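Listed below, chain by chain, are the residues.
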Amino acid sequence: MLALARSATVAPPGWSRWLVPPAALAIHLAIGQAYAWSVFKPPLESSLDLSGTASALPFQLAIVMLGLSAAFGGTLVERRGPRWAMLVSTVCFCSGFLVSALGAATGQYWLVVLGYGFIGGIGLGIGYISPVSTLIKWFPDRPGMATGIAIMGFGGGALIASPWSSGLLDALGTDSAGIARTFLVMGLVYAVFMSLGVLLIRVPPDDWRPPGAAPAGSAPRALVTTAQVSARNALRTPQFWCLWVILCMNVTAGIGILEKAAPMIADFFADTATPVSAAAAAGFVGLLSLANMLGRFAWSTTSDLVGRKNIYRLYLGVGALLYLVLATTGDASKPLFVACAAVILSFYGGGFSTAPAYLKDLFGTYQVGAIHGRLLTAWSTAGVLGPLIVNAIADSQHAAGRSGPDLYTTSFFIMIGLLVVGFVANELIRPVHPRHHEPAEPPGHDARQEGAAL
């Protein structure tokens, strides 16, 4: 398969680097469908007689596999190159839909879990990290903007997939046969769409520099290294683990609201003169999804101007203050509640898209994709921690006879504490000690020599 070899993806002279973000978007817009899984929950529950917990299992397993495949497959992605990684993502993600279609058609729900959750989840993880290091190498002058474009696609994928899935179910049926046909159509269409990214992706030549780039040897900005650190050595640095804590705390704070957004706003204002309707609660969820998507591009791009450490001060410090506003104002103002929640979710999205650029600043471009894959285990942890905090406390407060904002005030104060922990971790970050650096000229000048896994 010479077309998949890393050497076959080197861009020819004159290749425009602006063709690379669309290639990355072709993957991320597709795998971002995972955020629209809730569309399938009601028809699966009614057609296959499932509980709400059971119908959530494919999504939960997919997120777990995203973190695991990104962590353990990161070094392989670096060694084989972006085209190979994007193809693996396309095959796994789309075949997951096809296996799920077979499961729905035959009434074998375990096949839906296997297809969408396990096989498709591997496609999610490999696809999520596949373009990261390539984008950073093409845009060393604007890494935050470049990764923000791609990772914005993951946040915005649900805005496309949700109405499309609903439309397919309306047209093809919400019984098991209709769900199977919907899975089949989506798998085939996504295969074509993601293949465009596979064909379009290119890596820059070793000696390539962006137009107008500062000459080699120019003084770097603070915290921006000119050295290179391998994925293996990155795990031995305090900087990596500080970043792990930062991402985990920021994601926990954001996902705590996102996962329970509709019932949360309904509970908050249930005892007021103007309670929130189901339609308004759904609109609130859509607004938060939009804030999540736009934050991934806007804040990450801003980080190129103000620096990664400063932008995380914003995410964590201002995020803590916004949670304090929510905890102390209660149900006094709907616009204030909505505005604070939307900004918190924009910080949640921005934290994801800024992380690869922060890694590049600290560890260089040598194996930044592999390091990013390992960092995403913080997402898997936060995906469990955030909803657990909010749901468990709300359930206990409800059992104690409380209602309204009282269901969530304790959770909000816990989120403030977590964000403060993340803020302190960010302040502790310093340049990586030279003992962790690779030699000036790593063997082969690429990541293929670094084959070690975790």
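See the structure printed just above.
Residues numbered from 1 in each chain as written. Predicted model: local features only at pLDDT ≥ 70, side-chain atom pairs only at ≥ 80, totals over all residues. Heavy atoms only, no water.

## Notes on the overall build of the protein chain
Thought 1: When helices and strands are tallied, the protein chain shows 18 helices and zero strands.
Thought 2: Its C-alpha atoms give the protein chain a radius of gyration of 22 Å, within 12% of the compact-globule value 22 Å for 454 residues.
Thought 3: When burial is assessed residue by residue, the protein chain has 54% of its 454 residues classed as buried.
Thought 4: For the protein chain, the accessible surface area stands at approximately 17,600 Å², while carbon and sulfur atoms represent 67% of it.
Thought 5: Each charge class in the protein chain can be summarised by its mean position, and for the 26 positive and 21 negative side chains these summaries are 10 Å apart. (Helix = DSSP H or I, 4+ residues; strand = E, 2+ residues; numbered from the N terminus. Rg over C-alpha atoms; globule rule 2.2 N^0.38 Å. Buried < 20%, exposed > 50% of the residue type's maximum accessible area, 1.4 Å probe, protein only. Areas by Shrake-Rupley, 256 points an atom, 1.4 Å probe, with all protein chains shown as cover. Lys, Arg positive; Asp, Glu negative; His and termini not counted. Charge placed at Lys NZ, Arg CZ, Asp CG, Glu CD.)

## Quick notes on the nonpolar core
Thought 1: Judged by nonpolar contacts, the single largest core of 128 residues is most densely connected at Tyr128, Phe183, Tyr190, Ile257, Tyr323, Phe363 and Trp379.
Thought 2: For this core, the element with the highest residue contribution is helix 15 (residues 334-363), accounting for 14 residues.
Thought 3: The residues contacting Ile257, other than those within four sequence positions of it, are Met264, Leu288, Tyr323, Leu326, Ala341, Ile344 and Leu345. (Core = buried A, V, L, I, M, F, W, Y, C linked by side-chain atoms within 4.5 Å. Contact = heavy atoms within 4.5 Å.)

## Comments concerning the packing of aromatic side chains
Thought 1: A full pass over the atoms with the stated rule returns 31 aromatic pairs.
Thought 2: Measuring from centroid to centroid gives 4.8 Å for Phe40 and Phe183, while their planes differ by 35°, and the two rings are tilted. In this pair, Phe40 sits in the loop between helix 1 (20-31) and helix 2 (41-48) while Phe183 sits in helix 9 (residues 176-200), placing the two residues 143 residues apart along the sequence. No difference in accessibility class separates Phe40 from Phe183, as the two residues are buried.
Thought 3: Between the aromatic rings of Trp299 and Phe347, the centroid separation amounts to 5.5 Å while the plane-to-plane angle is 55°, which identifies the pairing as tilted. With a gap of 48 residues between them, Trp299 in helix 13 (residues 278-306) and Phe347 in helix 15 connect regions that are remote in the sequence.
Thought 4: A residue is classified by how much of its surface remains accessible, and Trp299, at 24% relative accessible area, is partly exposed. (Phe/Tyr/Trp six-rings, centres within 6.5 Å; stacked < 30°, edge-to-face > 60°.)

## Here's the deal with the packing of helix 11 (residues 238-258) against helix 15
Thought 1: In contact at an axis separation of 9 Å, helix 11 and helix 15 are set at 160° when each is read in the N-to-C sense. In terms of orientation, helix 11 and helix 15 fall into the roughly antiparallel class. As for how helix 11 packs across helix 15, the hand of that crossing is left-handed. Together, Gln239, Phe240, Leu243, Leu247, Asn250, Val251, Ala253, Gly254, Ile255, Ile257 and Leu258 of helix 11 and Ala341, Ile344, Leu345, Phe347, Tyr348, Gly351, Phe352, Tyr358, Leu359, Leu362 and Phe363 of helix 15 make up the contact between the two elements.
Thought 2: In terms of residue class, the contact of helix 11 with helix 15 is made up of 18 nonpolar, four polar and no charged. (Axes fitted to C-alpha atoms, helices over the stretch in contact; angles between N-to-C directions. Parallel < 35°, antiparallel > 145°, perpendicular 65-115°, else oblique. Left-handed = near helix turned anticlockwise from the far one by under 90°. Nonpolar A, V, L, I, M, F, W, Y, C, P; charged D, E, K, R; others polar.)

## A word on a nonpolar patch on the surface
Thought 1: Nonpolar side chains collect at one region of the surface, where Leu159, Leu287, Leu290 and Leu294 lie side by side and expose about 310 Å² of accessible area between them.
Thought 2: A total of three residues in the nonpolar patch trace back to one element, the largest contributor, which is helix 13.
Thought 3: With respect to the secondary-structure elements, Leu287 resides in helix 13. (Patch = residues over 30% accessible without salt bridge, like charges linked within 9 Å, V, L, I, M, F, W, Y side chains within 5 Å. Salt bridge = Lys/Arg side-chain N within 4 Å of Asp/Glu carboxyl O.)

## What about helix 1?
Thought 1: In this model, helix 1 (12 residues) spans 17 Å end to end at C-alpha, consistent with the 16 Å of a helix rising 1.5 Å per residue.
Thought 2: Within helix 1, nine of the 12 residues are buried, which leaves the element mostly enclosed by the surrounding structure.
Thought 3: Residues Val20, Pro21, Ala23, Ala24, Ala26, Ile27, His28, Ala30 and Ile31 constitute the buried set of helix 1.
Thought 4: Close packing links the buried residues of helix 1 with helix 5 (82-106), helix 6 (109-129), helix 7 (132-138), helix 8 (143-172) and helix 9. (Expected span 1.5 Å × (residues − 1).)

## Things to note about the environment of Trp208
Thought 1: Checked against the element boundaries, Trp208 lands in the loop between helix 9 and helix 10 (231-234).
Thought 2: Trp208 sits in the partly exposed class, given a relative accessible area of 25%.
Thought 3: Along the chain, Trp208 and Pro13 lie 195 residues apart, while their C-alpha atoms are 9.8 Å from each other.
Thought 4: In this view, Trp208 contacts Arg17, Lys137, Trp138 and Pro140; residues no more than four positions away in its chain are not counted.

## Here we look at the pattern of salt bridges
Thought 1: Using the criterion set out here, one finds six salt bridges in the structure.
Thought 2: Between Arg308 and Asp304 there is a salt bridge; the shortest N-O distance is 2.7 Å.
Thought 3: What emerges from the salt-bridge pattern is a single network uniting Arg17, Asp141 and Arg142.

## As for helix 8
Thought 1: Taking 1.5 Å of rise per residue, 30 residues should cover 44 Å, and helix 8 covers 43 Å from first to last C-alpha, within 8% of that figure.
Thought 2: In the structure, helix 8 departs most strongly from a straight axis at Gly155, where the bend amounts to approximately 40°.
Thought 3: Trailing helix 8 by a residue or two, Gly173 shows a phi angle of about 110°, which is positive. (Bend = angle between axes of the 7 residues up to and from the residue.)

## Examining the state of the cysteines
Thought 1: Considering all chains together, one arrives at zero disulfides under this definition.
Thought 2: Between Cys242, a cysteine without a disulfide, and Cys248, which holds the nearest cysteine sulfur, the sulfur-to-sulfur distance is 13 Å. (Disulfide = S-S within 2.5 Å.)

## Observations concerning the packing of helix 14 (residues 308-329) against helix 18 (residues 409-427)
Thought 1: At a minimum axis separation of 9 Å, helix 14 and helix 18 run at an interaxial angle of 160°. For the element pair helix 14 / helix 18, the angle class is roughly antiparallel. Remark: the crossing between helix 14 and helix 18 carries left-handed chirality. On helix 18, the residues touching Lys309, Tyr312, Arg313, Leu316, Gly317, Gly319, Ala320, Tyr323, Leu324, Leu326 and Ala327 of helix 14 are Thr409, Phe412, Phe413, Met415, Ile416, Leu419, Gly422, Phe423, Asn426 and Glu427.
Thought 2: Residue composition of the contact of helix 14 with helix 18, grouped by class: 13 nonpolar, five polar and three charged.

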